[in-house]
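# Report on the structure
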Amino acid sequence: MNALPEIKKMETAHKTTIDFGRGTIGDGSFAVIAGPCAVESREQMFMTAKVVRDLGSVFMRGGTFKPRTMPYSFQGLGVDGLYILDETRKQYDVVVTTEVMSTEMVEVVAKHVDILQIGSRNMQNFDLLKKVGRTSTPVILKRGLSSTIEEWLAAAEYIMCEGNKKVILCERGIRTFEKYTRNTLDLSAVLAVKQISHLPVIVDPSHGTGRKDMILPMARAAMAIGADGIMIEVHPRPEEALSDGEQSINFDHFTQLMQEVERLKKVFHYC
Ligand code: PEP
Ligand code: MN
């Protein structure tokens, strides 16, 4: 593995933990970041926030700048979605994350959310990595769709060497020859990066499998290997979702998942 001084420095320091006041990631707890693939309306986000809160979580997701494969697919609400995310966090006291796709938008996005997300397709957008590295906002760095573990850690190094050490790695599946699932969720990579770095690592079984029926079993697996949390797509009515409905769970399934997470926390020694 190439020289990664920031990653290596972390090896000798204590484990990176990121405290948001309402919740912490990387402290031995298991974070569940839940919400729709895309922010569609205030009602949708508020309904979801209430459920997230009632079930005992504080972390929410919702994309408003969407990197869609087809230019004709819903591209997200853009800046209007940022206002909805900001209102949601204020109203429900939740920690929100959203993807930032361009360097020009980094500052404005950082004003409205608590965690910046670098999407898989932008994992090696070096200008973007440097720009988020110059903020003090925590960053979720998703693994590139065809990136090696070393490239993923090198991308984290880009952010950290600019000054921002608050990086959370997210395994979201990689592209393989297999077509049955949307991606191949590489859980051994989670173990590998946990051995090499002291950064928190979370798992995204929604994009990792592309199938709602696999989210709960893969969440269990993430807990069994000691991941610091999961990021999952939850929608009030997945069949009507404007993006990724097939890999989004409804509130009933989310409730079941949260009950299972609660039960397994004891089994796998989470705090
Ligand atoms: C997302 O989480 O909204 C997303 C687009 O995921 P990825 O970048 O992993 O494809
Ligand atoms: Mn999605």
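Computed from a prediction, not measured in an experiment: that's the story for all the values here. (Residues numbered from 1 in each chain as written. Chains lettered and ligands numbered in written order. Predicted model: local features only at pLDDT ≥ 70, side-chain atom pairs only at ≥ 80, totals over all residues. Heavy atoms only, no water.)

## Observations concerning the overall build of the protein
Put simply, the rule reads: Helical segments are the DSSP runs of H or I of at least four residues, strand segments are the runs of E of at least two, and each set is numbered from the N terminus. Each radius of gyration reported is based on C-alpha atoms, and the globular scaling rule is 2.2 Å times the count of residues to the power 0.38. Whether a residue is buried, partly exposed or exposed follows from its accessible area with a 1.4 Å probe, protein chains only, as a fraction of its type maximum: under 20%, in between, or over 50%, in that order. Contacts: residue pairs with any heavy atoms within 4.5 Å of one another. The protein chains shown are the only cover counted for residues, whose accessible areas, like all others here, come from Shrake-Rupley with a 1.4 Å probe.
A count of helical and extended segments in the protein gives ten helices and ten strands. For 271 residues, the compact-globule estimate of 2.2 N^0.38 gives 18 Å, and the C-alpha radius of gyration of the protein, at 17 Å, lies within 12% of that figure. Viewed in the frame of its principal axes, the protein has a C-alpha envelope of about 45 × 45 × 40 Å. Across the 271 residues that make up the protein, the buried fraction comes to 56%. A separation of at least 24 residues holds for 69% of the contacts in the protein among residues at least 6 apart in sequence. Carbon and sulfur atoms form 53% of the exposed surface of the protein, whose accessible area is close to 11,500 Å².

## Remarks on the coordination of the manganese ion (ligand 2)
Counted only if it meets this: Water is absent from the atoms considered, so a metal site may look incomplete; donors are defined as N, O and S atoms within 2.8 Å of the metal, or 3.2 Å for Na, K and Ca.
Coordination sphere of the manganese ion (ligand 2), protein contribution only: Cys37 (SG), His207 (NE2), Glu233 (OE) and Asp244 (OD), at 2.0 to 2.4 Å. Going along the chain, you hit the donors of the manganese ion (ligand 2) in the pattern C-x169-H-x25-E-x10-D. Remark: aspartate 244 occurs in the loop between β10 (229–233) and α10 (251–267) and histidine 207 occurs in helix α8 (residues 205–209); sequence separation between them is 37 residues. Aspartate 244 shares its class with histidine 207; the two are buried.

## Some remarks on the packing of helix α5 (residues 126–133) against helix α6 (residues 149–160)
Applied cut-off: Note on geometry: axes are C-alpha line fits, over the in-contact stretch for helices, and angles between N-to-C directions span 0 to 180 degrees. Note on terminology: angles under 35 degrees are roughly parallel, angles over 145 are roughly antiparallel, angles of 65 to 115 are roughly perpendicular, and the others are oblique. In the scheme used here, Gly and all other residues not listed as nonpolar or charged are polar, with Ala, Val, Leu, Ile, Met, Phe, Trp, Tyr, Cys and Pro taken as nonpolar and Asp, Glu, Lys and Arg as charged.
Packing of α5 against α6 brings their axes to within 7 Å, and their N-to-C directions diverge by 45 degrees. Relative to α6, the element α5 lies oblique. Counted together, Phe126, Leu129, Lys130, Val132 and Gly133 of α5 and Ala155, Tyr158 and Ile159 of α6 form the full contact between these two elements. The class makeup of the residues in the contact of α5 with α6 is six nonpolar, one polar and one charged.

## A word on the packing of aromatic side chains
In plain terms, the rule: Stacked, edge-to-face and tilted are the three classes for Phe, Tyr and Trp ring pairs, Trp counted by its six-membered ring, which pair at centre distances within 6.5 Å; planes under 30 degrees apart are stacked, over 60 edge-to-face, the rest tilted.
Scanning the entire structure with this criterion turns up four aromatic pairs. Residues phenylalanine 46 and tyrosine 92 carry aromatic rings whose centres are separated by 5.4 Å and whose planes lie at 65 degrees to one another, so their mutual orientation is edge-to-face. Taken together, the residues phenylalanine 46 in helix α2 (residues 42–54) and tyrosine 92 in helix α3 (residues 79–92) connect sequence positions 46 residues apart. Classification of tyrosine 92 as partly exposed rests on a relative accessible area of 22%. When the centroid spacing of 4.6 Å and the interplanar angle of 35 degrees are considered together, the rings of phenylalanine 126 and tyrosine 158 count as tilted. One end of the pair, phenylalanine 126, is in helix α5; the other, tyrosine 158, is in helix α6, with 32 residues separating them in the sequence.

## Some thoughts on the pairing of strand β8 (residues 167–171)
Keep this limit in mind: The rule for pairing is simple: two strands pair if DSSP sees at least two bridges between them.
The element β8 is largely enclosed, with a buried count of five among its five residues. Of the two faces of β8, the one holding Val167, Leu169 and Glu171 and the one holding Ile168 and Cys170 are both buried throughout. Where strand β7 (residues 139–142) lies against β8, four bridges are found, and the strand directions are parallel. Bridge pairing links lysine 142 to cysteine 170 in β8.

## A look at the pairing of strand β6 (residues 115–118)
Counted only if it meets this: Assignment of crossover handedness uses the view with strands pointing away from the viewer, where a clockwise path from the first strand over the helix to the second indicates a right-handed crossover.
What you see with β6 is no split at all: Ile115 and Gln117 on one side and Leu116 and Ile118 on the other are buried throughout. Inspection of the sheet shows strand β5 (residues 95–99) paired to β6 by three bridges, in the parallel sense. Note that in β6 the partner of threonine 98 across the bridge is leucine 116. Crossover connection from β5 via helix α4 (residues 106–112) to parallel β6: handedness right-handed. Relative to β7, β6 runs parallel, the two being bridged by three bridges. From the neighbouring strand, leucine 116 faces β7, where its bridge partner is valine 139.

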